[in-house]
Amino acid sequence: MGILRALLTPLSFLNMHLLRVGRGIGVVAVGLMVVAILIQVVFRYVFNNALPWPDEAARFCMLWMAGLMAPTAFRRGGFVAIDMLGQALPVAAGKILTLFLLLISLAVLVIAVQIGYGEVTGFGGKFATASLYVPGNFALTEWIRVPRSWMMMSMFVGVILLTLVNIELILRNLISIIGGSESLPDIPDADMAGAD
């Protein structure tokens, strides 16, 4: 159990801080998304002149918000789940079932990391958005279109963070199965995916 705790402690610390930064950026992304949508509504319905960029800006912010907020929801047990079977089983069997499901999730996430990397570096990532521009220099005299790889990076970063959280939940579950659940540090607002 000492080895599992030695692995869990730094990973839990890393996840706590990475996800805190991710939540902060995610909140900013939600705010920017709302602003972009409000700008589009005003220009479309008040001035009768729809702008081309707010839709893409809102989509960009939504993708990053989802990629950065989903790991926090996963770590805190906030995903929608059908957990009747796990709750109907004896406690030890429920924990083993949870461990099995987390291992399957890890396998899916490893494949998702590869897909995310392929999306960022592959053919689709070489294109740029149609109407979303960012400054190309500090003088604001040159503007460049936002590369699609910046959008796809949200998936890549999100699944890497989900993988780190999944590994933490597996370690917590293993420690819980061995009998060390009472000494596990709490995850704020967490259900810990069954690793009580």
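These figures come from a predicted structure and were not determined experimentally. (Residues numbered from 1 in each chain as written. Predicted model: local features only at pLDDT ≥ 70, side-chain atom pairs only at ≥ 80, totals over all residues. Heavy atoms only, no water.)

(A) Fine view of helix α5 (residues 148-178). The end-to-end C-alpha separation of α5 is 46 Å, in line with the 45 Å expected for 31 residues at 1.5 Å each. Directly beyond the C-terminal end of α5, a positive phi value near 115° is found at Gly179. (Helix = DSSP H or I, 4+ residues; strand = E, 2+ residues; numbered from the N terminus. Expected span 1.5 Å × (residues − 1).)

(B) Molecular detail of the pattern of salt bridges. With the rule as written, the count across this model stands at 2 salt bridges. A salt bridge links Glu168 to Arg75; its shortest N-O distance comes to 2.9 Å. With a gap of 93 residues between them, Glu168 in helix α5 and Arg75 in helix α2 (residues 53-75) connect regions that are remote in the sequence. For the pair shown, Glu168 and Arg75 are each scored as buried. Salt bridges here are not isolated pairs; linked through shared partners, they connect Arg75, Glu168 and Arg172. (Salt bridge = Lys/Arg side-chain N within 4 Å of Asp/Glu carboxyl O. Buried < 20%, exposed > 50% of the residue type's maximum accessible area, 1.4 Å probe, protein only.)

(C) Region of interest: a nonpolar patch on the surface. A cluster of nonpolar side chains, namely Phe100, Leu101, Ile104 and Val108, defines an oily patch on the protein surface of about 380 Å² accessible area. Along the chain, the position of Leu101 falls in helix α4 (residues 91-121). With relative accessibility at 45%, the residue Leu101 sits in the partly exposed group. (Patch = residues over 30% accessible without salt bridge, like charges linked within 9 Å, V, L, I, M, F, W, Y side chains within 5 Å. Areas by Shrake-Rupley, 256 points an atom, 1.4 Å probe, with all protein chains shown as cover.)

(D) Representation of helix α1 (residues 2-46). Between its first and last C-alpha, α1 extends 64 Å over 45 residues, near the 66 Å set by a 1.5 Å rise per residue. The set of residues buried in α1 consists of Leu4, Leu8, Leu11, Ser12, Asn15, Leu19, Gly22, Gly26, Ala29, Met33, Ala36 and Gln40. Residues of α1 that are buried in the fold lie against α2 and α5. Positive phi shows up at Asn48, right after α1, with a value of about 55°. (Contact = heavy atoms within 4.5 Å.)

(E) Structural view of the side chain of Glu168. Judged by its relative accessible area of 0%, Glu168 is buried. A polar contact of 2.7 Å, which involves the side chain of Glu168, links it to the side chain of Asn15. Leave out the neighbours within four places in its chain, and Glu168 touches Leu8, Leu11, Ser12, Asn15, Arg75 and Ile187. (Polar contact = N/O pair within 3.5 Å; in protein donor to acceptor, adjacent residues only side chain to side chain.)

(F) Broad picture of the packing of aromatic side chains. Following the criterion strictly, the structure yields 3 aromatic pairs and no others. Judged by centre distance (5.8 Å) and plane angle (55°), the ring pair of Tyr117 and Phe156 falls under tilted. With a gap of 39 residues between them, Tyr117 in helix α4 and Phe156 in helix α5 connect regions that are remote in the sequence. Accessibility expressed as a relative area gives 17% for Phe156, which makes it buried. (Phe/Tyr/Trp six-rings, centres within 6.5 Å; stacked < 30°, edge-to-face > 60°.)

(G) Examining the packing of α2 against α5 more closely. Put simply, α2 and α5 touch, their axes get as near as 8 Å, and they point 5° apart. Our classification of the angle between α2 and α5 gives roughly parallel. (Axes fitted to C-alpha atoms, helices over the stretch in contact; angles between N-to-C directions. Parallel < 35°, antiparallel > 145°, perpendicular 65-115°, else oblique.)

(H) Structural view of the nonpolar core. Listed in full, the 11 residues of the largest apolar core are Leu19, Phe74, Leu99, Leu102, Leu106, Leu109, Leu162, Val165, Leu169, Ile170 and Ile187. Taken together, the elements giving at least two residues each to this core come down to α4 and α5. In terms of nonpolar packing, the next biggest core, distinct from the first, is built from 8 residues, Ala36, Ala57, Leu132 and Val146 among them. (Core = buried A, V, L, I, M, F, W, Y, C linked by side-chain atoms within 4.5 Å.)

(I) Structural detail: unusual backbone geometry. At Asn48, a residue that is not glycine, the phi angle is positive and equals roughly 55°. The topology assignment puts Asn48 in the loop between α1 and α2. The class of Asn48 is exposed, set by a relative accessible area of 70%. Even without being a glycine, Leu140 presents a positive backbone phi close to 60°. Checked against the element boundaries, Leu140 lands in the loop between β1 (128-135) and β2 (143-147).

(J) Region of interest: the packing of α1 against α5. At a minimum axis separation of 9 Å, α1 and α5 run at an interaxial angle of 140°. Note that α1 runs across α5; the crossing there is left-handed. Seen from α1, the contacting residues are Leu4, Arg5, Leu7, Leu8, Leu11, Ser12, Leu14, Asn15, Leu18 and Leu19; seen from α5, they are Leu161, Leu164, Val165, Ile167, Glu168, Leu171, Arg172, Leu174, Ile175 and Ile178. A class-by-class count of the residues in the contact of α1 with α5 yields 15 nonpolar, 2 polar and 3 charged. (Left-handed = near helix turned anticlockwise from the far one by under 90°. Nonpolar A, V, L, I, M, F, W, Y, C, P; charged D, E, K, R; others polar.)

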